[in-house]
Amino acid sequence: MNTVTTSARNRGLAPYSPWLLRDYFTNQGPSTAIVVVLIAYMSLLPLIQRGVGSAGLDSIPLEAARTMQRALFTPLLFLGTFFATNGIIANDRKFNFYRFLFAKPISPLAYYSLVFALYGIGFMAVTCGLLGLWAIVVRPMFPVEIFAILPIMYIAYGGIGFLLSAAWRFDWISLVTVVLIANVGWEAFGESLHVLHNLLYLLPPAHKTNAIYAMDFGRSFPWGAATWLAGYGAVCFLLGLVVLRKRSMGTS
Amino acid sequence: MDESRGAGELERLHPGRHARRDDAAGNDASWCAAARGRAAGHPPLIEFQGVGHTYRSLLGRTIRAVDDFSLTIGESEVFGLAGPNGAGKSTLISLLLGYLEPTDGTVRIAGMRPRAFVESHGMGYVSELVAIPPRWKLEETLTRYAILAGIPRRDRRDRIAQVTALLGLEEQRGKRVKQLSKGNLQRLGLAQALLRDEQVIILDEPTHGLDPVWTQRFRDVVEGLRRPGRAIFIASHNLDELQRLADRVAIIDRGKLQRIVEPRAGASVFAATPYLLTMATGAEHVAAVFPGAQPRGEGEFVTPSMNLAQLNAGIAALVQRGALIRSVGPSHSVLEQHFREAVRE
C-alpha cells in the first residue's frame, strides 16, 4: 500500500478561529443583543412613561436598577446560549455544509468543540457590550459574578443544546421542550418522596437555576447549584461528542 | 479559449507532479468480474471489500443502497462510476469520505478507515450539489477552505489566485455565494477541491450545471490533475465524460457492481458492434447490403452488430453499387454499449 502525504490533521483549526468568531458576531451575536435590548426597553418603558427617567434613566435608584439588571440576566443567559448553540451541528447536516468542511483534514469533534468554545467567548463579549450599553443608558454596573454565571449557564444550557444538535435536526424545538419539561417536572414533583422522583435527575436541573438567578450580587455565590448545572451541561456536551463520533455526518 | 491553459495552470499549482497517460489506447476492451480485485496495474490505494449499506428509517423501513460491493482502485488511476439514478453512487461516495459507515464489509484508503484518512490527509471533493453558506463571498470561501485544508499562510494567497484563474472565477471574487450562477457555483466547488495537492480526488457529477464550454474545460482540468500516486474518482451520468477521462469505469445498478469497463481500450477487430452509416447518395442500397439496418434520419442507418471485416465488405459493396458514403462510425461508445447491457431490465 502506498504511503500518503504527511498528516495535516486539525492544522487549520487554530487559524480558522477568527472566522468562527466573525460568524458569531455577524449572526448569533446581533440576534442576542437585539432581543435583550428589546426586553430591556420593555422593562424600562413603564419607568420612562411614569417620568422616573425624565432627568435621564440614570436617576433610577440603584437598588431598582440592580433588580432590573438581574431580571434581564435570565432571558440573556437562556436566549444567548440558545442562539449560540441552536443548530450548531444540525444545520451543517441539514444544509449539507459538512460535505466540503469535513473533506478537509479536520475532525468534526475538534471542529465543533472549537465552535462551542468560541461562541461562548463571543457570547461573553456580547454580554460585555450590553453591560457597556447599560452603563451608558442607565448607570455603570458591572457585577463580576456575571462572568462566573455566564460560562456556567452557557455550559448548562449549551451542553444540552449541543447534545440535541448532535443527535438530530430538530434541536431548537427539543431544547425548548426539554427545558420546559424539566421546569414543570421539578416544579410539580421536586418535593415528592416517591421513588420515581429520582427520574427527575435525568432531566436538566431546572430547580437549581432559581438559585443562580436569585443570587444577590456581592453576597455569597451558590456553588452547589452552579456545580450541578455546569456538571449536567458538561456531561451532555461530552455525550454530544460521543454521539457525533458514533453518528455519521451523512446521517440525516 | 486556450485549450492548454488547464494543464499549464495545474503544472504551476503542482509542478512536476502530473503526467498525461496515453497508454490506454491499443489495449483490448475488456471487462470481467476478476477485474474487481485488480487496479489495472496500479498499486492499490482504495479498497472496497464486500461493502453493503442499508438505510434505516425511524419507523424501521430499510433500503439496501449498496450490496456486496468489492473494488480496488489504483493510486495513479482515474476511476469512473456510472449508474442510473438511485443506483447507489452517492452512497458509495459518502462511504468513501467516511460520511457514512458501511453496514457490511470494509472500506480502506491507504489501509486506513476513510474517516481516519480524510481527517489526517484531506481529500479533494466536489459534490453534485455545491452546498456553501450563501452569505460567504467567493474569495472568503476559498480562504476559509484553504485555512481548514492546512495551507500555510504564506502560500494561501497564491493558491487561491491560481485556482481562481484556472477556473475563470476572477471576476466573481467579490460576489456572495448566493449571487453566483449554477455554473459558477460548480466551478467554485471544483476550485475549493483543488486548493491543496490531495492524493485522492472525488468528483460527484462534477459537470452538473456547467455549460458545454466549461464542461470541455473541466475535462482538460481533470486530465491535468493526473499524476503518479493520485487517485481520481469520478461519478457521473455522463458516459461520454467517463469515456474520455476514466481509465476504468464501474457500472453499478441497484446497489450492485455490474461490470468494470476499460472505456479507452480500442475495440477488437473481431468485436461485433452496430455502426452508424451516413449516406450522401445511394441510401436505397443500404437495406440490400446490410439486411436489418434501421433508418434513423435522412440518409442515416444503424447497422446490425458486425465486426470490422463485415463492415468493410459492406462498404465496398455499397461503393460498387455507386453509393457515396458521407461517414461511418460506431453507433455508440464502448462504455455506452456496456452500460446498456449492464442496466438492462
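Residues numbered from 1 in each chain as written. Chains lettered and ligands numbered in written order. Predicted model: local features only at pLDDT ≥ 70, side-chain atom pairs only at ≥ 80, totals over all residues.

Chemist: Residue-level account of the overall build of chain B, with values.
Modeler: A count of helical and extended segments in chain B gives 11 helices and 13 strands. Taking all 345 residues of chain B together, 46% fall into the buried category. (Helix = DSSP H or I, 4+ residues; strand = E, 2+ residues; numbered from the N terminus. Buried ≥ 20, exposed ≤ 12 C-beta atoms within 10 Å, placed from the backbone.)

Chemist: Outline the environment of B:Asp240, listing residues and values.
Modeler: Within the secondary structure, B:Asp240 sits in helix H8 (residues 239-245). On a C-alpha basis, the gap between B:Asp240 and B:His332 in space is 9.7 Å, while along the polypeptide they are 92 residues apart.

Chemist: Go over the domain arrangement of chain B, please, and point to the residues and values.
Modeler: All names here are of chain B. Per the domain assignment, the segments making up chain B are domain 1 (5-123 + 198-261) and domain 2 (275-342). Taken together, the contact between domain 1 and domain 2 spans 13 residues of the former and seven residues of the latter. Among the secondary structure elements, those contributing two or more residues to the side of domain 1 that touches domain 2 are H8, strand E8 (248-253) and strand E9 (256-261). It is H8 that contributes the most residues to the side of domain 1 that touches domain 2, four residues altogether. Of the residues that constitute the side of domain 1 that touches domain 2, the class distribution is eight nonpolar, two polar and three charged. (Domains from an automatic or database assignment. Contact = placed C-beta atoms within 7 Å. Nonpolar A, V, L, I, M, F, W, Y, C, P; charged D, E, K, R; others polar.)

Chemist: Which residues make up helix H3 (residues 62-85) of chain A, and what are the values?
Modeler: All names here are of chain A. Taking 1.5 Å per residue as the helical rise, H3 with its 24 residues ought to reach 34 Å, and the 34 Å between its terminal C-alpha atoms agrees with that figure. If you check which residues of H3 are buried, you get Gln69, Phe73, Leu76, Leu77, Gly80, Thr81, Phe82, Phe83, Ala84 and Thr85. For H3, the secondary structure elements touched by its buried residues are helix H2 (28-49), helix H6 (108-137), helix H7 (146-167), helix H8 (171-189) and helix H9 (209-213). Just past H3, the residue Gly87 takes up positive phi, approximately 70 degrees. (Expected span 1.5 Å × (residues − 1).)

Chemist: Could you give an account of unusual backbone geometry, with specific residues and numbers?
Modeler: Positive phi values are uncommon outside glycine, yet A:Asn96 reaches one of about 65 degrees. Its location among the elements puts A:Asn96 in the loop between helix H4 (90-94) and helix H5 (98-101). Unlike most non-glycine residues, B:Arg254 shows phi in positive territory, near 50 degrees. Within the secondary structure, B:Arg254 sits in the loop between E8 and E9. Of the residues examined, B:Arg254 has 15 C-beta atoms within 10 Å and is grouped as partly exposed.

Chemist: So what's going on with the interface of chain A and chain B? Which residues, and what values?
Modeler: When the parts of a complex come together, some accessible area is lost, and that lost area is often taken as the interface size. Facing 27 residues of chain A, the contacting portion of chain B comprises 32 residues. Sorting the residues of the side of chain A that touches chain B by element identifies helix H1 (13-26) and H5 of chain A as the ones contributing at least two each. When grouped by side-chain class, the residues that make up the side of chain A that touches chain B number 15 nonpolar, eight polar and four charged.

Chemist: Kindly report on the packing of H6(A) against H7(A), identifying the contributing residues and their values.
Modeler: All names here are of chain A. Close contact between H6 and H7 brings their axes to 10 Å; oriented N to C, the two are set at 140 degrees. Considering the angle they form, H6 stands oblique to H7. Both H6 and H7 take part in a crossing whose hand is right-handed. Across from Phe116, Gly120, Phe123, Met124 and Thr127 in H6, the residues of H7 making contact are Ile146, Leu150, Pro151, Tyr154, Gly158 and Phe162. (Axes fitted to C-alpha atoms, helices over the stretch in contact; angles between N-to-C directions. Parallel < 35°, antiparallel > 145°, perpendicular 65-115°, else oblique. Left-handed = near helix turned anticlockwise from the far one by under 90°.)

Chemist: Tell me about the sheet that holds strand E11 (residues 294-297) of chain B, and please be specific about residues and values.
Modeler: Residues and elements named next belong to chain B. Spatial strand order, E11-E12-E10-E13: four strands in an open sheet with antiparallel pairing. Whereas interior strands pair on both sides, the edge strands pair on one side only; in this sheet they are E11 and strand E13 (324-330). Across the sheet, the axes of successive neighbouring strands diverge by a mean angle of 25 degrees, strand direction being ignored. Strand direction decides the pairing type here: strand E10 (residues 275-281) and E13, joined by six bridges, are antiparallel. Counted as the bridge partner of Met279 is Ile325 from E13. (Pairing = 2+ DSSP bridges.)

Chemist: Tell me about the nonpolar core, residues and numbers included.
Modeler: Grouped together as the largest cluster of nonpolar side chains are 134 residues, with contacts concentrated most on A:Met153, A:Leu229, B:Leu97, B:Ile202, B:Ile232, B:Phe233 and B:Ile234. B:Leu277, B:Val286, B:Phe290 and B:Phe301 belong to the second largest nonpolar core, which has eight residues in total. (Core = buried A, V, L, I, M, F, W, Y, C linked by C-beta atoms within 7 Å.)

Chemist: Let's hear about the sheet that holds strand E4 (residues 104-109) of chain B: which residues, and what values?
Modeler: All names here are of chain B. Taken together, three strands build an open sheet; the order of strands is E2-E1-E4 and the sheet is antiparallel. Edge strands, defined here as strands with exactly one partner in the open sheet, are strand E2 (62-74) and E4. Each strand axis lies, on average, 20 degrees off the axis of its neighbour in the sheet, ignoring direction. In this sheet, E2 lies alongside strand E1 (residues 44-56) in antiparallel orientation, the contact comprising nine bridges. Bridge pairing links Thr54 to Arg64 in E2. Contacts between helix H2 (residues 89-96) and the sheet are confined to E1, E2 and E4, with E2 contributing the most and set at about 60 degrees to the helix.

Chemist: Tell me about the packing of H1(A) against H6(A), and name the residues and values.
Modeler: Residue and element names in this part refer to chain A. Between H1 and H6, whose axes approach to 9 Å, the crossing angle comes to 50 degrees. Overall, the two elements H1 and H6 adopt an arrangement that is oblique. The handedness of the crossing between H1 and H6 comes out as right-handed. Across the interface between the two elements, Leu13, Ser17, Leu20, Leu21, Tyr24 and Phe25 of H1 pack against Ala110, Tyr111, Leu114, Val115, Leu118, Tyr119 and Gly122 of H6. Residues of the contact of H1 with H6, tallied by class, amount to 11 nonpolar, two polar and no charged.

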